[in-house]
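# Architecture and fold: a report
Spelled out, the chains give:
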Amino acid sequence: MASTFETRIFINNEYVEAKSKDVFTIHSPADGTLISDQVHSAGEQDIDAAVDAAQKAFKGSWGRQDPIERAKAMFKFADLIREKAQDLARLDTLAMGSAISTQTMGYRIAADLFTYYAGLADKIHGEAIYPTSTGPYKIVQREPIGVCAGIGAWNVSSILFAWKVAPALAAGNTSIFKPSEKAPLGVLALGPMIKECFPPGTINIVNGAGKTGALLASHMQIRQIAFTGSTATGRKIQEYAAKSNLKRVSLELGGKSPSIIFEDADVDLAAAKTAESTLMNTGQICAMASRVYIHETIADDFILRLKKAFDAVDQRNAIGDPLAETTEVGPLADQAQFDRVLSFLEIGKTDGELVIGGARRGQTGLFVQPTVFKNVARDSRIAKEEVFGPVITVQVFQTEEEAIKLANDTVYGLSACLYTKSIARALRVSREIETGSIAINDWYFPSLGAPFGGVKQSGYGREGGMEGLNDYLQTKTIQIKEVAVLPNKRSRADCQRNQHQYYLVMKSILRSTFDGNVRKRRASVGGQLVS
């Protein structure tokens, strides 16, 4: 395939070849064709150059710019992304196979994120703490951190780029972003738009795999790093950060999210939403509710409706060429991910009962049938580990307490879903579920103004909303002590010396004035002193 896209790295508002001379290859997961074998991979010298550019921009053209002007640049950038959303989406679809409709939506959300954070750029306020009695005044101000780095996963590069770069820029920081080596092309294509909107060094984009990410995480001049990806890699990022300069770390990691469907739920709604979340982005969404727990009295009815929902996708030919506008489900991202998902299908067949799917779909491309297993052993790997594909398990429960226990029986805590017509139950159970986000009668999809992130081994830190901005600010307290009016010993001595000098000067002035008057009077009476 002819190269019609950029494959170099983007530093200081220019595309440059990687000094490392390393390159990597991308194949289409839809049909195996070569997309490019010349995607540049940043090495140590390249990362140093990106940091130097970002540091210069932070100390000058961007970091010292008025927040209103920063907002204007971000608004403009958002508009440019919207205009080119489908073209950018096509590049990510070529690289990792997600349906172009999904990736186009991703770039529109990315534009909205830049708009949202642009609106906050001039609204970063501090506070004043006044003493209730004698004591110092205190001013608390929130300041940018410096050079920040972001590392994104490959499922929706656009949103992950915006989540990490937009709040950093709004706070006055500069950014270095590394897209996944599986899907770098769309983010790389933002270079001309970045150049049109921002001073050199404000946003830098570096390609590469784990080695490049390690260089960012361990760099001594990067002050903060945000990572989205696997829990295993997140641990490494945290380790590199701790062993280097103790930079701040924000981690949005894996998930094995539960969906609890109670006996009073709208079964049609629950089945439709479960199918939707399973198929969205071919199941390659960290918040996907892949563990379904359903009350035993409606389990058979739910499974029947879920099968119908999956069959309907086939009937409308919604699985196939990811570049087609009608496609909803594309292939998995690459051969490694395809092999991983197939291995979990075999585990499911051994440890549970296959309801639907369970195999490769077709002979061309990395397509997998949407799959449901039921009655899976609770300690099975497919019930415990993140599959990251269109695969779910369904298990039954009898009581609310049992459902809560099953939902919390995981090392993850990213998201959860509850289906019930009782708002009291929804609130009560939400309080007990150990997770960072919960959707009621829906599956969870992050929104602009709300924080998103996990607990337990799903990470820490938040992206989106005001909390997403706060991750890119540091707090400084300035204490002001009122100076007493009475001078100290040194100033009193200085005052005494000044008073003595003043006395001598005044004495001299008075003496000269007196002598002058005496001379005038003598002259007026023939030189005789007149009393």
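The protein carries the name aldehyde dehydrogenase (NAD(+)) in an unreviewed UniProt entry, which gives Exophiala mesophila as its organism. Annotation of the protein in UniProt includes, under Sequence similarities (unreviewed entry), the sentence "Belongs to the aldehyde dehydrogenase family." The Catalytic activity (unreviewed entry) comment attached to the protein in UniProt states, word for word, "an aldehyde + NAD(+) + H2O = a carboxylate + NADH + 2 H(+)".

## Observations regarding the overall build of the protein
When helices and strands are tallied, the protein shows 17 helices and 20 strands. For a compact globule of 531 residues, the expected C-alpha radius of gyration is about 24 Å, and the protein comes in at 33 Å, more than 25% above that figure. Here the C-alpha coordinates of the protein stretch approximately 135 × 60 × 40 Å along the principal axes. Looking at the 531 residues of the protein, the share that counts as buried comes to 52%. Counted over contacts in the protein with a minimum sequence separation of 6, partners at least 24 positions apart contribute 73%. Accessible surface for the protein amounts to roughly 24,300 Å². Of this, 52% is attributable to carbon and sulfur atoms.

## Describing the environment of Gly63
Within the secondary structure, Gly63 sits in the loop between α1 (44–59) and α2 (67–83). Separated by 110 residues in sequence, Gly63 and Asn173 have C-alpha atoms that sit 6.2 Å apart. Aside from chain neighbours lying at most four places away, what touches Gly63 is Ala57, Phe58, Arg70 and Gly172.

## Re the sheet that holds strand β17 (residues 416–419)
The 7 strands are arranged β14-β15-β16-β13-β12-β17-β18 in an open sheet whose pairing can be described as mixed. Of all the strands in the sheet, just β14 (353–356) and β18 (438–440) have a single pairing partner and so form its edges. Between one strand axis and the next, the sheet turns through 20° on average, direction left out of account. Note: strand β13 (residues 291–295) against strand β16 (residues 391–397), 5 bridges, orientation parallel. Paired with Ile294 across the strands is Val396, a residue of β16. Strands β12 (258–261), β13, β14, β15 (371–374) and β16 of the sheet are contacted by helix α11 (residues 299–315), whose axis makes an angle of about 50° with β14.

Procedures and definitions
Residues numbered from 1 in each chain as written. Predicted model: local features only at pLDDT ≥ 70, side-chain atom pairs only at ≥ 80, totals over all residues. Heavy atoms only, no water. UniProt positions renumbered as here; feature names shortened; annotations may be inferred. Helix = DSSP H or I, 4+ residues; strand = E, 2+ residues; numbered from the N terminus. Rg over C-alpha atoms; globule rule 2.2 N^0.38 Å. Buried < 20%, exposed > 50% of the residue type's maximum accessible area, 1.4 Å probe, protein only. Contact = heavy atoms within 4.5 Å. Areas by Shrake-Rupley, 256 points an atom, 1.4 Å probe, with all protein chains shown as cover. Pairing = 2+ DSSP bridges. Axes fitted to C-alpha atoms, helices over the stretch in contact; angles between N-to-C directions.

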